[in-house]
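Tertiary structure, described
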Amino acid sequence: KKRVLTGINTTGTLHIGNYVGAIRPAIQDSRDPNVESFFFLADLHALIKCQDPARIERSRMQIAATWLAAGLDPERVTLYRQSDIPEIPLLCWMFDCVMSKGLLNRAHAYKAAVDAATAAGKDPDADVSMGLFSYPVLMAADILMFNAQEVPVGHDQLQHLEMARDAAQRFNNLYATPEHPFFVLPQATGGSSIEVLPGLDGRKMSKSYNNVIPLFEGGRAALDAAIARIVTDSRAPGEPKDPDSTSLTVIFDAFAAPEEREAFRAELRSGLGWGEAKKRLADQIDREIGPMRARYEELMAHPAQVEEILQEGARKARLIATPFMDKLRHAVGLRSFT
Ligand code: TYM
């Protein structure tokens with residue numbers, strides 16, 4: 001069976017970019033009987049950016065409930081918290097010891113943090129944490145712990161996948177024979193034709209840009225309020241619009257069949273007002289996610305039920321991680337004397 005794995009950082013609530021880029025394609029993949037899926041809450045990664053314990057706990061619950069509400073079947077899929085699998089940080093350390101610092105110096109997120117600190121007049125060496133520097137290494141451990149062949153992620157994560165391949169190769173070269181490698185080289189996949197979903201202002205939809213459309217939190221009202229803020233030009237109803245002048249149409253595309261996309265663009269070209277177009281977009285998104293939101297709210301009211309699913313997921317994940325880690329410990333020379 002093909003192994004597919006993906007994770008989401010538990011640093012806040014989710015937006016439709018997370019849904020389109022990762023959750024929806026991952027759940028689609030998981031329905032294939034030839035696929036074994038591993039989805040997890042990246043709560044160790046969350047500690048890098050968030051030192052607010054209550055927020056991390058709330059976010060874990062929200063993201064677990066989102067996966068389940070979006071159609072994940074816990075009987076078929078292994079859903080777990082990263083922090084429940086102690087083998088993962090141990091594997092991260094093993095990779096820390098074989099990967100080169102130079103490669104990690106080139107990580108986009110690290111470089112951006114260094115640039116931001118410098119621009120703010122701070123010393124980047126004092127300001128950037130070891131956790132942030134090692135972010136891609138922990139991610140490599142997440143993926144390679146379960147030897148995932150495919151990792152559905154948005155395009156912002158492609159460099160991290162390259163680094164995971166590097167970790168796998170270095171470890172294999174040092175400790176394995178070519179005939180019996182420990183790790184397969186993972187591939188990034190995205191089920192969606194949209195590589196990066198743009199936000200309200202046309203830049204990548206991201207919490208750090210404050211340009212997101214929330215997935216479930218705040219209900220339909222929050223969806224409408226966010227969509228009202230999508231940037232468009234000032235052409236009045238009746239005037240022809242350029243469908244490519246705004247992220248509105250790209251977001252519409254992510255929730256529409258090809259013929260609906262064309263029809264919507266044609267209407268804009270022949271004068272549909274932006275206000276009406278926004279209402280159509282909200283209805284289009286809500287048609288898909290409205291029923292999920294009802295399930296989400298139901299799950300949020302029953303945290304014990306979600307907790308039970310996560311505990312069972314951790315148990316299943318460790319049935320794989322524990323014996324594999326024994327092999328890896330043996331390979332690097334950490335075996336017991338007995
Ligand atoms: P995170 O939480 O930042 O993002 C979760 C997923 O959502 C995707 N995404 C988007 N996709 C399309 N358009 C957007 N505007 C957009 N914004 C976010 C991200 O690409 C991601 O797939 N490093 C990961 C978490 C992680 C992980 C892993 C993923 C930790 N370990 C192992 C895969 C495998 C991240 O940034 O998540």
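As the structure is a prediction and not an experimental result, all values here were calculated from the model. (Residues numbered from 1 in each chain as written. Predicted model: local features only at pLDDT ≥ 70, side-chain atom pairs only at ≥ 80, totals over all residues.)

**Some remarks on the overall build of the protein**
Note the threshold: Each helix corresponds to a stretch of at least 4 residues labelled H or I by DSSP, and each strand to a stretch of at least 2 residues labelled E; elements are numbered beginning at the N terminus. The globule rule used for comparison is 2.2 Å times the number of residues to the exponent 0.38, while the radius of gyration itself is calculated over C-alpha atoms. Neighbour density around each residue's C-beta defines its exposure: 20 or more other C-beta atoms within 10 Å make it buried, 12 or fewer make it exposed, and counts between make it partly exposed, where C-beta atoms are placed from the backbone. C-beta atoms are first placed from the backbone for all residues, and any pair lying within 7 Å is then listed as a contact.
Broken down by element type, the protein carries 15 helices and five strands. Against the compact-globule benchmark of 20 Å for 338 residues, the protein has a radius of gyration of 22 Å, which places it among compact chains. By its C-alpha atoms, the protein is 80 × 50 × 40 Å across when sized along the principal axes. Evaluated residue by residue, the protein yields a buried proportion of 40% over its 338 residues. Looking at the protein alone, contacts between residues at least 24 apart form 76% of all its contacts between residues at least 6 apart.

**Thoughts on unusual backbone geometry**
Phi angles above zero are rare outside glycine, and Asn147 is one such case at about 45°. Tracing the backbone through its elements, the reader meets Asn147 in the loop between helix 9 (135-145) and strand 4 (150-152). We note that Asn210 has phi near 55°; this positive angle belongs to a residue other than glycine. The residue Asn210 is located in the loop between strand 5 (187-189) and helix 11 (219-228) in this model.

**A look at the UniProt feature "binding site: L-tryptophan" (unreviewed entry) in the protein**
Note the threshold: UniProt positions are given in the numbering used here, feature names are shortened, and annotations may be inferred rather than shown by experiment.
Mapped onto this structure's residue numbering, the UniProt feature "binding site: L-tryptophan" (unreviewed entry) falls at Asp142. Take Asp142: it is sitting in helix 9. Residues within four places of Asp142 in sequence aside, it is in contact with Gly7, Gln82 and Ile88.

**Examining the pairing of strand 2 (residues 35-42)**
Rules: Any two strands are treated as partners once DSSP identifies two or more bridges connecting them. With strands facing away from the observer, any crossover in which the path from the first strand over the helix to the second runs clockwise is taken as right-handed.
Buried residues dominate strand 2, accounting for six of its eight residues. Relative to strand 2, strand 1 (residues 2-9) is paired through eight bridges, and the arrangement is parallel. Looking across to strand 2, one finds that Arg3 is bridged to Glu36. Where the polypeptide runs from strand 1 across helix 1 (residues 16-30) and back to strand 2, its parallel neighbour, the crossover connection is right-handed.

**Side note on the nonpolar core**
As a reminder, the rule being used: Buried Ala, Val, Leu, Ile, Met, Phe, Trp, Tyr and Cys residues whose C-beta atoms connect them within 7 Å together make up a nonpolar core. The start and end points of each domain follow an automatic or database-based domain assignment.
Among the nonpolar cores identified, the biggest contains 88 residues, and Leu91, Ala140, Ala141 and Leu144 are the most heavily contacted of them. In terms of residues, this core owes the most to one element, helix 9, which gives nine residues. Mapping this core onto the domain boundaries places at least three of its residues in each of domain 1 (2-197 + 303-332) and domain 2 (216-297). Those residues in contact with Ala141 that lie beyond four places of it in its chain are Ile88, Leu91, Cys92 and Phe95.

**A closer look at the site of the ligand**
We count it as follows: The C-beta atom of each residue is placed using the backbone, and any residue whose C-beta lies within 6 Å of a molecule or strand is treated as near it.
What surrounds the ligand is a group of 26 residues, the closest being Asn9, Gly17, Gly21, Val153 and Gly154. Only strand 1, helix 1 and helix 9 provide two or more residues apiece to the shell around the ligand.

**Quick look at the domain arrangement of the protein**
Formally: Gly is put with the polar residues, along with every residue not named as nonpolar or charged; the nonpolar set is Ala, Val, Leu, Ile, Met, Phe, Trp, Tyr, Cys and Pro, and the charged set is Asp, Glu, Lys and Arg.
The domain boundaries assigned to the protein delineate domain 1 (2-197 + 303-332) and domain 2 (216-297). Put simply, the middle of domain 1 and the middle of domain 2, counted by C-alpha atoms, are 32 Å apart. Breaking the side of domain 1 that touches domain 2 down by element, the ones donating at least two residues are helix 1 and helix 3 (53-69). Considered class by class, the residues forming the side of domain 1 that touches domain 2 number seven nonpolar, three polar and no charged.

**So, the packing of helix 11 against helix 14 (residues 274-300)**
How we decide: Axes, fitted as lines to C-alpha atoms, cover a helix only where it is in contact. Angles between the N-to-C directions of the axes lie from 0 to 180 degrees. With respect to orientation, any angle under 35 degrees is reported as roughly parallel, any angle over 145 as roughly antiparallel, any angle of 65 to 115 as roughly perpendicular, and every other angle as oblique. By convention the crossing between two helices is left-handed if the near helix lies anticlockwise of the far one by an angle smaller than a right angle, and right-handed if it lies clockwise.
At their nearest, the axes of helix 11 and helix 14 sit 10 Å apart, and the two run at 150° to each other. One element, helix 11, and the other, helix 14, form an angle in the roughly antiparallel class. Between helix 11 and helix 14 lies a crossing whose hand is right-handed. On helix 14, the residues touching Gly219, Arg220, Leu223, Asp224, Ile227 and Ala228 of helix 11 are Lys278, Leu281, Ala282, Ile285, Asp286 and Arg293.

**Regarding helix 15 (residues 303-332)**
Let me state the cut-off plainly: A helix is expected to span 1.5 Å for every residue after the first. The angle between axes fitted to the seven residues ending at a residue and the seven residues starting there is what we call the bend at that residue.
Helix length check: helix 15 (30 residues) gives 40 Å between terminal C-alpha atoms against 44 Å at 1.5 Å per residue, within 8%. The largest bend in helix 15 comes to about 35°, at Arg318. Those residues of helix 15 that are buried lie in contact with strand 2, helix 3, strand 3 (77-81), helix 4 (87-96), helix 9 and helix 14. Downstream of helix 15 by one or two residues, Gly333 has phi in the positive range, about 100°.

**A few points about the environment of Leu91**
By the secondary structure assignment, Leu91 is in helix 4. In this structure Leu91 comes out as buried when scored by C-beta crowding, with 24 C-beta atoms within 10 Å. Sequence spacing of Leu91 and Thr246 is 155 residues, and the spatial spacing of their C-alpha atoms is 44 Å. Those residues in contact with Leu91, other than ones at most four positions away along the chain, are Ala141, Leu144, Met145, Met325 and Leu328.

**Focus: the environment of Cys97**
Mapped onto the secondary structure, Cys97 falls in the loop between helix 4 and helix 5 (101-105). Residue classification places Cys97 among the exposed positions, given that 12 C-beta atoms sit within 10 Å. Through-space distance from the C-alpha of Cys97 to that of Phe133 is 14 Å; in sequence the pair is 36 residues apart.

**Here's the deal with the packing of helix 3 against helix 14**
In contact at an axis separation of 9 Å, helix 3 and helix 14 are set at 135° when each is read in the N-to-C sense. Judged on the interaxial angle alone, helix 14 and helix 3 are oblique. The element helix 3 and its partner helix 14 pack so that their crossing is right-handed. Between helix 3, through Ala65, Thr66, Leu68 and Ala69, and helix 14, the contact on the second element is made entirely by Met292, Arg295, Tyr296, Leu299 and Met300. A per-class count over the contact of helix 3 with helix 14 returns seven nonpolar, one polar and one charged.

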